[in-house]
Amino acid sequence: MPIPIDISEEGGVRYLHFGSEWVQGAMRLRKPDALELEYTREMLGGLLLRPEPWPARILLIGLGAGSLVRFIHRHLPESRTTVVEIAAEVRAVASQYFRLPDEDERLEIVIDDGARFVQADPRQWDLIVVDGFDRHARAGELATQAFYEACRGRLTPQGLLSVNLFGQLRGFKTQLQRLRKAFDGQVVDLPECGSGNVVALAAASPAQAPVPWDRPESRARTLKAATGLDLLPTLRRLKKAGRLPDGALHL
């Protein structure tokens, strides 16, 4: 059954909806390559934890309005990205209304079920980003124990999984438990965004050493200057929430 798709605009921002009030993506018309929604910025939080030129290979599950695709294609020129989207009509709308980049040697778009793709495709990824929901804000197979375990198996030794858990009222604590089991506890959940989204980062391998606080902060300043991606508020929220008890990140 085709996904019901609606598009709205307000204050210079174009929004994507799947037949409900939930926002599935957004693009500021005057800055199409910027990440308009806070949680999409936090889904790239792994950039603070790994040195350049990481990530060489990125898998995005869930296209939406193509916000992450546009940002990565513009600002991470050394990265190669594969996007898996279950609905062909979402790709069509992203191309027509949200300036989805054309496929090239750096970008591949696959119409497939994300959970099935991870099970079947043998490639390894430095970063897997999962942001797939239906019109009722349900993640389905993308929130199961089997899926998280399969994702870990597809990550390189320095690989990270980034997951949008949506929010407090959507059972994200159960998803966190599954993530922690699949990744042997190597998981950091970021403080809830104002929109209700909770982003979790999971590492494929145990950290060789904690990442000192000043290192991600310095990297965040460099990223902001080079790309406009501002993760400094995320770091401040982590610190305020007591997620850095020894002044370091353990991923």
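As a reminder, the structure under discussion sits directly above these lines.
Quick caveat, the model's predicted, so the values are computed rather than measured. (Residues numbered from 1 in each chain as written. Predicted model: local features only at pLDDT ≥ 70, side-chain atom pairs only at ≥ 80, totals over all residues. Heavy atoms only, no water.)

Draft legend 1. Fine view of the nonpolar core. Of all hydrophobic cores here, the largest spans 54 residues; its most connected members are Leu44, Leu60 and Leu229. With four residues, the top contributor of residues to this core is helix H2 (residues 67-75). For Leu44, the contacting residues outside a window of four places in its chain are Leu35, Leu68, Phe71, Ile72, Leu127, Leu229 and Leu231. Among the nonpolar cores identified, the runner-up in size contains 33 residues, and Leu59, Val110, Ile128 and Phe183 belong to it. (Core = buried A, V, L, I, M, F, W, Y, C linked by side-chain atoms within 4.5 Å. Buried < 20%, exposed > 50% of the residue type's maximum accessible area, 1.4 Å probe, protein only. Helix = DSSP H or I, 4+ residues; strand = E, 2+ residues; numbered from the N terminus. Contact = heavy atoms within 4.5 Å.)

Draft legend 2. How the structure looks around the environment of Arg123. Locating Arg123 in the fold gives a position in the loop between helix H4 (114-120) and strand S7 (125-130). Relative accessible area serves as the criterion here: at 26%, Arg123 is assigned to the partly exposed category. When the C-alpha atoms of Arg123 and Leu59 are compared, they prove to be 9.8 Å apart, with 64 residues separating the residues in sequence. In this structure the side chain of Arg123 is engaged in a polar contact, spanning 3.1 Å, whose partner is the side chain of Glu108. A polar atom in the side chain of Arg123 sits 3.0 Å from the side chain of Asp121. (Polar contact = N/O pair within 3.5 Å; in protein donor to acceptor, adjacent residues only side chain to side chain.)

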